[in-house]
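# Close look at the chain arrangement
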Amino acid sequence: MQDIVERAISLTEAAQALELVLEVANEVLHTCSILSIDTLKKENPSINEIARGLKVVLGLLEDLFDDNDPHMCHEKAKDYTRHISLIGQAIESDDEEELNRQIQALRERSFLF
């Protein structure tokens, strides 16, 4: 019984962590869609700082699931975090073409979990 309760708590925590990642990714997508690259460079926190925060959440998700992630929460969060990180890199390197490519790639995601 204890094992079932612990698994349920882990799944709930994972769902909340994934929901946070999706919310942050959606906010980044919205911000990057309306602001110029020059303005994005001045954002505080920067997109790279946001990506670093999401990587901390990824670490927590990884700790929750050894090899058992039935809803693929960790993999989904990892995918969205990768896009945010690539957006941050594009902004930092002043690569508007890559920024637009990553925005489009993120826009094509479902944002469902």
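In this text, all values refer to a predicted model and were calculated from it rather than measured experimentally. (Residues numbered from 1 in each chain as written. Predicted model: local features only at pLDDT ≥ 70, side-chain atom pairs only at ≥ 80, totals over all residues. Heavy atoms only, no water.)

## A look at the confidence of the model for the chain
As a reminder of what qualifies: Per residue, pLDDT measures the predictor's confidence, with a range of 0 to 100. Secondary structure is summarised from DSSP: a helix means a run of H or I of at least four residues, a strand means a run of E of at least two, and numbering begins at the N terminus for each.
Taken as a whole, the chain shows an average pLDDT of 86; of its residues, 82% reach a score of 70 or greater. Averaged pLDDT values for the elements of the chain fall to 81 in helix α1 (residues 2-34) and rise to 96 in helix α2 (residues 37-41).

## Digging into unusual backbone geometry
Where we set the bar: Burial status follows relative accessibility: with a 1.4 Å probe on protein chains alone, a residue under 20% of its type maximum counts as buried, one over 50% as exposed, and anything between as partly exposed.
Cis rather than trans, the peptide bond between Asn44 and Pro45 has omega equal to 5°. Counting through the fold element by element, Pro45 comes out in the loop between α2 and α3 (47-64). One non-glycine residue, Asp94, lies in positive phi territory at about 60°. With respect to the element layout, Asp94 can be found in the loop between α4 (73-92) and α5 (96-107). Asp94 sits in the partly exposed class, given a relative accessible area of 42%.

## Notes on the pattern of salt bridges
Selection criterion: Salt bridges, as used here, are contacts in which a Lys or Arg side-chain nitrogen is within 4 Å of a carboxyl oxygen on Asp or Glu.
Under the criterion given, the structure shown has five salt bridges. Here Arg101 ties to Glu98 by a salt bridge, and the two come within 2.8 Å at their closest N and O atoms. Of this pair, Arg101 and Glu98 both sit in helix α5, three residues apart, which is roughly one turn of the helix. Owing to a relative accessible area of 44%, Arg101 belongs among the partly exposed residues under this scheme. Here the residues in one salt-bridge network are Asp79, Arg82 and Arg109, joined through shared partners.

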